[in-house]
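Here's the letter readout for the chains.
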2 protein chains.
Amino acid sequence: MPRPRRSEKTREALLQTGIEQLSLNGYHGTGIKQILDIVNVPKGSFYNYFSSKEAFVAEVLKEYSEQALARLDDYVDTSTEAPLDKIKTIYNFMLKEFSNQNCQQGCLIGSIAAEIGNQSELCQTAMLESVSLWKLRVNQLIADAQLKGQVRNDLSAEQITSVFWAAWEGSLLKMKMEGSVDSAKEVLSLMLEHLLLPPFPQKNINQ
Amino acid sequence: MPRPRRSEKTREALLQTGIEQLSLNGYHGTGIKQILDIVNVPKGSFYNYFSSKEAFVAEVLKEYSEQALARLDDYVDTSTEAPLDKIKTIYNFMLKEFSNQNCQQGCLIGSIAAEIGNQSELCQTAMLESVSLWKLRVNQLIADAQLKGQVRNDLSAEQITSVFWAAWEGSLLKMKMEGSVDSAKEVLSLMLEHLLLPPFPQKNINQ
């Protein structure tokens, strides 16, 4: 029997289903068979598309990252909001999306990192690349916001981006655990409306 | 054949091995057989100790949390350091421990939350309880640090604890991904030596 030709559409469907299933069930909790059943692809043809589960997951992470970056870039390029407001819009948009999915999908990159760490070099490369490209964008917005006096400038944009990224990812763990966006929303607001702002005269809560 | 008697020592060994294996391989990546093989316990006797894998993991999360809280309490009760310095000591101690384990174990509660979210009610209860008890301790230290003027007081101790917890947990995802504590160390220092401090006159980096 001739080897079936690869279809770009099938490949895309496998990756898209991979994003959904891996977000929900993690690396070890997602079986290739489960993905193939959803896309309705015979088991044998998986290896026409990907050399292994590991290679597949690395491609899923890349696809997830590209989709997120494309949406981010589209918004940033067309928005006329001030830089800090752009950041607020982007992150509140993501929280709204997460709440539509019962708060169980969160950030795929963070979830896979929590589960498999650096155990797969292919996935590690895809995750580090994704975080680095995302932070580059946020970094630019933070630097713009610093120039406009919207964000404190006693730290570099890179430093602020690092701590903001960490707080965001950590808050998504709480979101998944609780099945609610409330505490992630609180952390976002504490960062963007308090900790990252230029200093104001301090109120004394003990008086 | 009479049902074998449960041994407290075996139960403890199963839980301790559970902590190690779940930290490394996650919920779905850890098989009961693997745990039993390491502890050298026959498969049939697992159910003398735990009613299911889910119940086992929930007990592992509780045990992990109790050990961490006991160590924290021991240190806090005996240390004469100022409150903010206590926080620095506690978190730097954890980072040092993580680096001894190739940065692949991180926080078990955060890792399991990232992987299974709220899908298991038993585990969810154990995770929420653990986070809540940990935050209670940190909250007290933050409140003490605010009273001593070591931490900003324009936000409540609860708010600062929430954002600090999130930044810490997020930084551990980066640690696992990179296989290095460097960026977690950076985030810790940005929080404890900059963002959480009372405001200082701002330097302008653009001048």
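Structural notes, computed from the coordinates.

### Observations regarding the overall build of chain A
When its secondary structure is counted, chain A shows nine helices and zero strands. Counting from the amino terminus, helix and strand elements in chain A follow one another as α-α-α-α-α-α-α-α-α. Dimensions along the principal axes, computed over C-alpha positions, put chain A at roughly 80 × 35 × 30 Å. The 207 residues of chain A split such that 42% are buried. Contacts spanning at least 24 positions in sequence make up 67% of the contacts within chain A whose residues lie at least 6 apart.

### A few points about the environment of Q104(A)
One can find Q104(A) in the loop between helix 5 (83-100) and helix 6 (108-116). Judged by C-beta crowding, with 17 C-beta atoms within 10 Å, Q104(A) ranks as partly exposed. It is 7.9 Å that separates the C-alpha atoms of Q104(A) and M175(A), two residues lying 71 residues apart in sequence. Apart from residues lying up to four places away in sequence, Q104(A) is in contact with L24(A), K176(A) and G117(B).

### Quick word on the relation of the copies chain B and chain A
Of the two same-sequence chains, chain B is brought onto chain A (RMSD 0.0 Å, axial shift 0.0 Å) by a rotation of 180°. Look at the turn and shift together and you get a two-fold axis relating the two. Take the interface residues of chain B: 100% of them recur as interface residues in chain A, which is what a same-surface contact looks like.

### Some points on the nonpolar core
Side chains of nonpolar character tend, in soluble globular proteins, to be buried together. Counting 114 residues, the largest nonpolar core has L61(A) and L61(B) as its most contacted members. What L61(B) contacts, discounting residues up to four positions off in sequence, is L108(B), I109(B), I112(B), C123(B), A126(B), M127(B) and S130(B).

### Quick notes on helix 1 (residues 8-25) of chain A
All names here are of chain A. The end-to-end C-alpha distance of helix 1 is 25 Å, a good match for the 26 Å that 18 residues give at a rise of 1.5 Å each. Those residues of helix 1 that fall on the buried side of the exposure criterion are L14, L15, G18, L22, S23 and N25. Against helix 2 (32-39), helix 3 (46-49), helix 4 (53-78) and helix 6 lie the buried residues of helix 1.

### Here's the deal with the interface of chain B and chain A
Across the contact, 48 residues belong to chain B and 49 residues belong to chain A. Those elements that provide at least two residues to the side of chain B that touches chain A are helix 6 (108-116), helix 7 (121-147), helix 8 (157-178) and helix 9 (182-195) of chain B. Here the side of chain B that touches chain A gets 15 residues from one element, more than from any other, and that element is helix 8 of chain B. When its residues are assigned to classes, the side of chain B that touches chain A shows 20 nonpolar, 19 polar and nine charged.

### Examining the packing of helix 8 (residues 157-178) of chain A against helix 8 of chain B
Following both chains from N to C, one finds helix 8 of chain A and helix 8 of chain B inclined at 100°, their axes separated by 6 Å at the closest point. In terms of axis orientation, helix 8 of chain A runs roughly perpendicular to helix 8 of chain B. Mapping the contact onto sequence places V163(A), W165(A), A166(A), A167(A), W168(A), E169(A), G170(A), S171(A), L173(A) and K174(A) in helix 8 of chain A and V163(B), W165(B), A166(B), A167(B), W168(B), E169(B), G170(B), S171(B), L173(B) and K174(B) in helix 8 of chain B. For the contact of helix 8 of chain A with helix 8 of chain B, the per-class residue count stands at 12 nonpolar, four polar and four charged.

### Some thoughts on the environment of S99(B)
Residue and element names in this part refer to chain B. Take S99: it is sitting in helix 5 (residues 83-100). Residue classification places S99 among the partly exposed residues on the basis of 16 C-beta atoms within 10 Å. In sequence terms S99 and D182 are 83 residues apart; their C-alpha atoms lie 9.7 Å from each other.

### Some details on helix 7 of chain B
The α-helix winds at 3.6 residues per turn, so residues separated by three or four positions along the chain end up facing the same way. Residue and element names in this part refer to chain B. The end-to-end C-alpha distance of helix 7 is 38 Å, a good match for the 39 Å that 27 residues give at a rise of 1.5 Å each. Those residues of helix 7 that fall on the buried side of the exposure criterion are C123, Q124, A126, M127, S130, V131, V138, L141, I142, A145 and Q146. Looking one or two residues past helix 7, G149 carries a phi angle of roughly 75°, positive in sign.

### Quick notes on the packing of helix 7 (residues 121-147) of chain A against helix 8 of chain A
For any two helices packed against each other, the geometry is given by the interaxial angle and the distance between the axes. Residue and element names in this part refer to chain A. Between helix 7 and helix 8, the shortest axis-to-axis distance is 9 Å and the interhelical angle comes to 125°. On the basis of the axis angle, helix 7 is oblique to helix 8. Every pair of crossing elements has a handedness; the one defined by helix 7 and helix 8 is right-handed. On helix 8, the residues touching K135, V138, N139, I142, A143 and Q146 of helix 7 are A157, E158, I160, T161, F164 and W165.

### Comments concerning unusual backbone geometry
Glycine aside, a negative phi is what most residues show, and trans is what most peptide bonds show. Residue and element names in this part refer to chain B. Non-glycine residue N40 carries a positive phi angle of around 65°. The phi angle at N102 is positive, at roughly 55°, despite the residue not being glycine. With respect to the helices and strands, the residue N102 is situated in the loop between helix 5 and helix 6.

Conventions and cut-offs
Counting of residues starts from 1 at the beginning of each chain's written sequence and follows it residue by residue. Chain letters and ligand numbers both follow the written order, the letters beginning at A and the numbers at 1. In view of the model being predicted, local features appear only for residues whose pLDDT reaches at least 70, and side-chain atom pairs are presented and counted only at 80 or more, with totals across whole chains, interfaces and linings using the full set of residues. Labels follow the DSSP assignment, with helices taken as runs of H or I lasting at least four residues and strands as runs of E lasting at least two, numbered in each case from the N terminus. Whether a residue is buried, exposed or partly exposed is read from the other C-beta atoms within 10 Å of its own C-beta, which are placed from the backbone; 20 or more gives buried, 12 or fewer gives exposed, and intermediate counts give partly exposed. Residue pairs are scored as contacts if the distance between their C-beta atoms, which are placed from the backbone, is within 7 Å. Alignment of the copies relies on least squares applied to C-alpha atoms, considering only residues that score at least 70 for pLDDT in both. Note on terminology: a nonpolar core is any set of buried Ala, Val, Leu, Ile, Met, Phe, Trp, Tyr and Cys residues joined through C-beta atoms within 7 Å. Every helix has an expected span of 1.5 Å times one less than the residues it contains. Gly is placed with the polar residues, together with every amino acid not listed as nonpolar (Ala, Val, Leu, Ile, Met, Phe, Trp, Tyr, Cys and Pro) or charged (Asp, Glu, Lys and Arg). In this analysis, axes come from line fits to C-alpha atoms, helices being fitted only over the stretch in contact, and the angle between any two N-to-C directions falls in the range 0 to 180 degrees. Orientation is classified from the angle alone, with under 35 degrees giving roughly parallel, over 145 giving roughly antiparallel, 65 to 115 giving roughly perpendicular, and any other angle giving oblique. We call a crossing left-handed when the near helix sits turned anticlockwise from the far one by less than a right angle, and right-handed when that turn is clockwise.

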